[in-house]
Amino acid sequence: MRRVVPALLVASAASLTGCVPLEKVENRLVYQPAAYPAGDWTPPAGTEDAQIASTDGVSLHGWFSAAERPRAVVLFLHGNAGNVTLCKDLLAFFPERFHASILAFDYRGYGRSEGSPNELGVLDDARAARRWLSQRCGVAESDIVLMGHSLGGGVAVDLAAADGARGLVLWNTFTSLPDVGKSYLPLLPVRSLMHNRLDSLAKIGAYRGPLLQAHGDSDRIVPFTLGRRLFAAANEPKQFVTVCGGRHNDPPSREFLDALDRFLSR
């Protein structure tokens, strides 16, 4: 969720004065893709390219890293900025440390994926990626572990609530996009102005599987309190890891990784 909060102030002001259609400006602020060739596109060792077709025909790209006799199959959903090249460490780490196969992919408009991002499109992309991963690994879609960071957490909650999951892992994510905006712009009608919702707070109660959630208490992008509110609304079994001093875009902490190891073992 990089640079979204100050930009929301500009977008709200532009909308209130009638200068710019909010939805168009908002999409540019919420989704900040780095298109190819931005990033280091040298494939991580042992990975393969994933060519994924979204339901509406948009061509998506990802990287898949397989573990031998995996104990879990994981779909990783990244945040609102950058592209899949920022996931290289996870693609190497999961098979080696966790003995888990993992797919990281780019939403439409990110990296090598075609199209332009919007909420419905991104959610459709995630379903297409899960479908690809299910076929590649020979497991049911409901047996895939969903892991989302920041905006990707909102996408993961949507999938898990609607279709189930083997497990749900949320990392520095929010109750809803309007709640993030409102926490920084309390005097503006952000909730009524924003078109992108990703309302995880309203959805997470429909998910009936295990949850692991981690949040840094020094996160200045997605307030820690929003993470706690989302966790409170979730069903058991669940575990919350507070990362002391953790910021929004820090790499996963030791306590989070240890908890994730135990979570995948169960």
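Below you will find a few notes about this structure. Small disclaimer: the values here were computed from a predicted structure and weren't measured.

1. Describing the overall build of the chain
Turning to step 1, where the next piece is worked out: Looking only at helices and strands, the chain features ten helices and ten strands.
Turning to step 2, where the next piece is worked out: Over its C-alpha trace the chain gives a radius of gyration of 18 Å, about what one expects of a compact globule, namely 18 Å for 266 residues.
Turning to step 3, where the next piece is worked out: Taking the principal axes of its C-alpha atoms as reference, the chain extends roughly 60 × 35 × 30 Å.
Turning to step 4, where the next piece is worked out: Looking at the chain as a whole, 56% of its 266 residues are labelled buried.
Turning to step 5, where the next piece is worked out: A separation of at least 24 residues holds for 70% of the contacts in the chain among residues at least 6 apart in sequence.

2. Focus: helix α4 (residues 119-137)
Since the α-helix packs 3.6 residues into each turn, any two residues three or four apart lie on the same face.
Turning to step 1, where the next piece is worked out: Helix length check: α4, at 19 residues, gives a terminal C-alpha distance of 27 Å against a target of 27 Å (1.5 Å per residue), a fit within 8%.
Turning to step 2, where the next piece is worked out: Two or three places before L120, at the start of α4, stands the capping residue N118, its side-chain oxygen 3.3 Å from that residue's backbone nitrogen.
Turning to step 3, where the next piece is worked out: Of the residues one or two after α4, G138 is the one with positive phi, at around 70°.

3. Some thoughts on the environment of Y184
Turning to step 1, where the next piece is worked out: Positionally, Y184 belongs in helix α6 (residues 177-184).
Turning to step 2, where the next piece is worked out: You can call Y184 partly exposed: its relative accessible area is 32%.
Turning to step 3, where the next piece is worked out: Taking the C-alpha atoms as reference points, Y184 and P223, separated by 39 residues in sequence, lie 9.4 Å from one another.

4. Considerations on helix α10 (residues 254-265)
Turning to step 1, where the next piece is worked out: Here α10 is twelve residues long and its end C-alpha atoms lie 17 Å apart, about the 16 Å a rise of 1.5 Å per residue gives.
Turning to step 2, where the next piece is worked out: The set of residues buried in α10 consists of F256, L257, A259, L260, F263 and L264. Relative to the axis of α10, the buried residues are bounded by an arc of 165° and lie together on one face. Among the exposed residues of α10, those pointing more than 90 degrees away from its buried face are R254 and S265.
Turning to step 3, where the next piece is worked out: Residues of α10 that are buried make contact with β4 (72-77), α3 (88-98), β7 (145-149), β8 (167-171), β9 (211-216) and β10 (238-243).

5. Digging into the state of the cysteines
Turning to step 1, where the next piece is worked out: Applying the stated criterion across every chain, the model contains zero disulfides.
Turning to step 2, where the next piece is worked out: Unpaired in this structure, C87 has its nearest cysteine sulfur neighbour in C137, at a distance of 17 Å.
Turning to step 3, where the next piece is worked out: Using a relative accessible area of 5% as the deciding quantity, one classes C87 as buried.

6. Let's talk about unusual backbone geometry
Turning to step 1, where the next piece is worked out: Between Y36 and the following residue, P37, the backbone shows a cis peptide bond with an omega angle of 15°.
Turning to step 2, where the next piece is worked out: Within the fold, P37 resides in the loop between β1 (32-33) and β2 (47-53).
Turning to step 3, where the next piece is worked out: The step from E236 to P237 runs through a cis peptide bond, and the omega angle for that step is 0°.
Turning to step 4, where the next piece is worked out: Its place among the elements puts P237 in the loop between α9 (224-233) and β10.
Turning to step 5, where the next piece is worked out: One non-glycine residue with positive phi stands out, namely H99, at about 50°.
Turning to step 6, where the next piece is worked out: In this fold, H99 is placed in the loop between α3 and β6 (100-105).

7. Focus: the packing of α3 against α10
Turning to step 1, where the next piece is worked out: Contact geometry of α3 with α10 gives a least axis separation of 11 Å together with a crossing angle of 60°. One way to sum up the angle between α3 and α10 is to call them oblique. Of the two elements, α3 crosses α10, and the hand of that crossing is right-handed. Facing F93, F94, R97 and F98 of α3, the residues of α10 in contact are L257, D258, L260, D261 and L264.
Turning to step 2, where the next piece is worked out: In the contact of α3 with α10, the residues fall into six nonpolar, no polar and three charged.

8. Here we look at the pattern of salt bridges
Turning to step 1, where the next piece is worked out: Enumeration according to the criterion identifies 15 salt bridges in this entry.
Turning to step 2, where the next piece is worked out: Residues R97 and D258 are paired through a salt bridge, measuring 3.0 Å at the closest nitrogen-oxygen approach. With R97 in helix α3 and D258 in helix α10, this residue pair connects regions lying 161 residues apart in the sequence.
Turning to step 3, where the next piece is worked out: Salt-bridge contacts for D124 lead to R108; the nearest nitrogen and oxygen are separated by 3.9 Å.

9. Considerations on the pairing of strand β3 (residues 59-65)
Turning to step 1, where the next piece is worked out: In terms of burial, β3 is a largely internal element, six of the seven residues being buried.
Turning to step 2, where the next piece is worked out: Sheet analysis places β2 next to β3, joined by seven bridges and oriented antiparallel. Bridge pairing in β3 links T47 to S65.

10. Digging into the packing of α4 against helix α5 (residues 151-163)
Turning to step 1, where the next piece is worked out: Interaxial distance between α4 and α5 falls to 10 Å at its minimum, and their mutual angle equals 65°. α5 is crossed by α4, and the crossing has right-handed handedness. The residues of α5 that touch α4, namely those facing V122, L123, A126, R127 and R130, are V155, D158, L159, A162 and D163.
Turning to step 2, where the next piece is worked out: When the residues that make up the contact of α4 with α5 are grouped by side-chain class, the tally is six nonpolar, no polar and four charged.

Cut-offs used in this document
Residues numbered from 1 in each chain as written. Predicted model: local features only at pLDDT ≥ 70, side-chain atom pairs only at ≥ 80, totals over all residues. Heavy atoms only, no water. Helix = DSSP H or I, 4+ residues; strand = E, 2+ residues; numbered from the N terminus. Rg over C-alpha atoms; globule rule 2.2 N^0.38 Å. Buried < 20%, exposed > 50% of the residue type's maximum accessible area, 1.4 Å probe, protein only. Contact = heavy atoms within 4.5 Å. Expected span 1.5 Å × (residues − 1). Polar contact = N/O pair within 3.5 Å; in protein donor to acceptor, adjacent residues only side chain to side chain. Arc of directions from axis to C-beta. Disulfide = S-S within 2.5 Å. Axes fitted to C-alpha atoms, helices over the stretch in contact; angles between N-to-C directions. Parallel < 35°, antiparallel > 145°, perpendicular 65-115°, else oblique. Left-handed = near helix turned anticlockwise from the far one by under 90°. Nonpolar A, V, L, I, M, F, W, Y, C, P; charged D, E, K, R; others polar. Salt bridge = Lys/Arg side-chain N within 4 Å of Asp/Glu carboxyl O. Pairing = 2+ DSSP bridges.

These values are about where atoms sit, not about what they do.
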